[in-house]
Amino acid sequence: MFDLPAYLERNNARILRALNRLLSSAGPDGRLLEAMRYSLMAGGKRLRPNLCLAAAEAVGGDAEDALPAACALEMIHTYSLIHDDLPAMDDDALRRGKPTCHIAFDEATAILAGDALLTTAFEALASMTGCRPERCTEVARIVAAAAGSRGMVQGQMLDMLSQGAALSLEQLEHLHALKTGAMIEASLAAGGLLAGGSAAQIEALRVFGRRVGLAFQVVDDILNIEGDPAVMGKAAGTDRLRRKNSYPGLLGLAKSKEFAHNLVHQAIEAIAAFDARAEALRAIACYVIERRK
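Residues numbered from 1 in each chain as written. Predicted model: local features only at pLDDT ≥ 70, side-chain atom pairs only at ≥ 80, totals over all residues. Heavy atoms only, no water.

1. Observations regarding the overall build of the chain
- When its secondary structure is counted, the chain shows 15 helices and two strands.
- Radius of gyration (C-alpha) of the chain: 18 Å, near the 19 Å computed for a compact globule of 293 residues.
- A principal-axis box enclosing the C-alpha atoms of the chain has dimensions of 50 × 50 × 35 Å.
- Counting all 293 residues of the chain, 52% fall into the buried class.
- The contacts of the chain with a sequence gap of at least 6 include a subset with a gap of at least 24, amounting to 73%.
- Carbon and sulfur atoms make up 55% of the accessible area of the chain, which totals about 12,900 Å².
- Averaging the positions of the 32 positive and the 35 negative side-chain charges in the chain gives two centres separated by 1 Å. (Helix = DSSP H or I, 4+ residues; strand = E, 2+ residues; numbered from the N terminus. Rg over C-alpha atoms; globule rule 2.2 N^0.38 Å. Buried < 20%, exposed > 50% of the residue type's maximum accessible area, 1.4 Å probe, protein only. Contact = heavy atoms within 4.5 Å. Areas by Shrake-Rupley, 256 points an atom, 1.4 Å probe, with all protein chains shown as cover. Lys, Arg positive; Asp, Glu negative; His and termini not counted. Charge placed at Lys NZ, Arg CZ, Asp CG, Glu CD.)

2. A look at the pattern of salt bridges
- If you walk through the whole model with that rule in mind, you get 16 salt bridges.
- Glu185 is the salt-bridge partner of Arg206, the closest N and O atoms lying 2.8 Å from each other. Of the two residues, Arg206 is situated in helix α10 (residues 199-226) and Glu185 in helix α9 (residues 169-194); the sequence distance between them amounts to 21 residues.
- Several salt bridges converge on common partners, so that one network encompasses Asp90, Asp159, Lys179 and Lys244. (Salt bridge = Lys/Arg side-chain N within 4 Å of Asp/Glu carboxyl O.)

3. Digging into the state of the cysteines
- Going through the model one piece at a time under the given rule, you end up with zero disulfides.
- There is no disulfide at Cys71, and the cysteine sulfur nearest it, in Cys52, is 9.2 Å away.
- For Cys101, which is in no disulfide, the shortest distance to another cysteine sulfur is to Cys71 and amounts to 19 Å. (Disulfide = S-S within 2.5 Å.)

4. Brief notes about the packing of helix α3 (residues 47-58) against α9
- Taken N-terminus to C-terminus, the directions of α3 and α9 make an angle of 30°; their axes are 6 Å apart at the nearest point. Accordingly, the angle class assigned to the pair α3 and α9 is roughly parallel. Judged by the sense of rotation from one axis to the other, the crossing of α3 with α9 is right-handed. In contact with Leu47, Arg48, Leu51, Cys52, Ala55 and Ala56 of α3, α9 contributes Thr180, Met183, Ile184, Ser187, Leu188, Ala190, Gly191 and Gly192.
- Here the contact of α3 with α9 is composed, by residue class, of nine nonpolar, four polar and one charged. (Axes fitted to C-alpha atoms, helices over the stretch in contact; angles between N-to-C directions. Parallel < 35°, antiparallel > 145°, perpendicular 65-115°, else oblique. Left-handed = near helix turned anticlockwise from the far one by under 90°. Nonpolar A, V, L, I, M, F, W, Y, C, P; charged D, E, K, R; others polar.)

5. Regarding the packing of aromatic side chains
- The full count for this structure, using the stated rule, is three aromatic pairs.
- Taking the centre distance of 5.5 Å and the plane angle of 80° together, the rings of Tyr38 and Phe105 count as edge-to-face. Within this pair, whereas Tyr38 is found in helix α2 (residues 31-40), its partner Phe105 is found in the loop between α5 (101-104) and α6 (107-126), the two being separated by 67 residues in sequence. Per residue, the accessibility class of Tyr38 equals that of Phe105, and both read buried. (Phe/Tyr/Trp six-rings, centres within 6.5 Å; stacked < 30°, edge-to-face > 60°.)

6. Describing α6
- Its 20 residues place the ends of α6 29 Å apart at the C-alpha level, agreeing with the 28 Å of an ideal helix rising 1.5 Å per residue.
- Turning to α6, its buried residues are Thr109, Ala110, Ala113, Gly114, Ala116, Leu117, Thr120, Ala121, Ala124 and Leu125.
- Tucked into the core, α6 has its buried residues touching α1 (4-24), α2, α4 (63-84), α5 and α7 (133-147).
- Where α6 begins, the capping side chain belongs to Asp106, and its oxygen is found 3.2 Å from the backbone nitrogen of Ala108. (Expected span 1.5 Å × (residues − 1). Polar contact = N/O pair within 3.5 Å; in protein donor to acceptor, adjacent residues only side chain to side chain.)

7. Notes on the layout of surface pockets
- Here the largest pocket defines a volume of roughly 1,100 Å³.
- If you go around the largest pocket, you meet 49 residues; those closest to its centre are Lys45, Leu81, Arg95, Asp220 and Lys234.
- The element that contributes the greatest number of residues to the lining of the largest pocket is α10, accounting for six residues.
- Residues belonging to the lining of the largest pocket are distributed by class as follows: 14 nonpolar, 14 polar and 21 charged. (1 Å grid on protein atoms, 1.4 Å probe; cavity = no way out; pocket = protein on both sides within 12 Å on 5 of 7 lines; lining within 4 Å. Points joined across faces, edges and corners; volume = space filled by probe spheres on them.)

8. Topic: empty space enclosed by the protein
- Applying the stated criterion to the full structure yields one cavity of 30 Å³ or more.
- Each pocket or cavity is described by its volume, and for the largest cavity that value is around 100 Å³.
- As for the largest cavity, its lining consists of 13 residues, of which Ser39, Ile82, Asp85, Arg95 and Cys101 are closest to the centre.
- Elements with a contribution of two residues or more to the lining of the largest cavity: α2, α4 and β2 (98-99).
- Among the elements that take part in the lining of the largest cavity, α4 stands out by supplying three residues, more than any other.
- Grouping the amino acids of the lining of the largest cavity by side-chain chemistry returns six nonpolar, three polar and four charged.

9. Observations concerning the side chain of Thr109
- Relative to the helices and strands, Thr109 resides in helix α6.
- Contact partners of Thr109, with chain neighbours within four places excluded, come to Arg31 and Ala35.

As C-alpha cells, then:
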C-alpha cells in the first residue's frame, strides 16, 4: 500500500526549503516580508504543490523540474486565502489554526502581502530552468489563466454575487470549477508538462484534476457542517451564516458524500492508463474524501 503520509512529509520538506529560498530573495526584511512569511509558512495541506510534483512523477519525469512551479502554485493559493479572509470578503479571523493575516498584522499589510505573493509566484515561474522554454511559457500561461479573471478570481466573484441567491447544481459546479477546480487542474497540467508528458497524458491529468477539484470542494462544504474547528484550524458553520450555496444545501449530506466518492472514482479512472508512478495521485485522490480538515 502506498504510504501517503511519508510521501507528503518528504515532499512538504522539499517544498518548504524551496519556499524559504524564494522568500529570501523576495525583498528586504521588514513588515511586508514578515506578513508574506507568516501566511505562507502557516502550514496547510500543500495540496496544489504536491499534485504538481506527483503529476511530474506520474508521466515519468523528475519532480525536481516541477518544484519552482509547485512553489508558485502554493504562493498563489496563499495569496488567495489572505484576500478571501479580508473583511470585505469572508471576514474570517482564523486560518490554518492561526489569526488571519489582517488580524495578525493589519488590513493594508494583508492586501500588500497577498499582492506580493502573487507577483513573486510569477517571478518564480519566469525564472524556471531545466525545461524547454516553450514548456515554461505554456505553464506560466496555464497558471495565469487558472488564477485570474477566467478562473479562480472569477469564481470568487461569482461566490460573492451568489450569496443569498439560490443556484442550481449546474451553476454551483461552474462556480467551484473556477474558484477551486481551476488551480487544482492547473497544478496537474503544469507538473505533467514540465516533466515532458504527452498530450494524452496531460489531458488525462486535467480530467483527474477537474474531478478531484470538485470533490475537494464538496468535502469542504461537508466539513463546514460536520467538521471540528479545532482540527480544521478555521470556523465551521460559516456557509449557512453567510447564506452561501453549498452541496449539502442542494443535495443533503448523504448525497453530497456519495457525490464526492463518485467524483474520486471518476478521477482515478481518468488515470487508469498510468502505471505505478501515478500511485501518489491515486492516494491523494482518496485522501481528498477522507480528510478531516
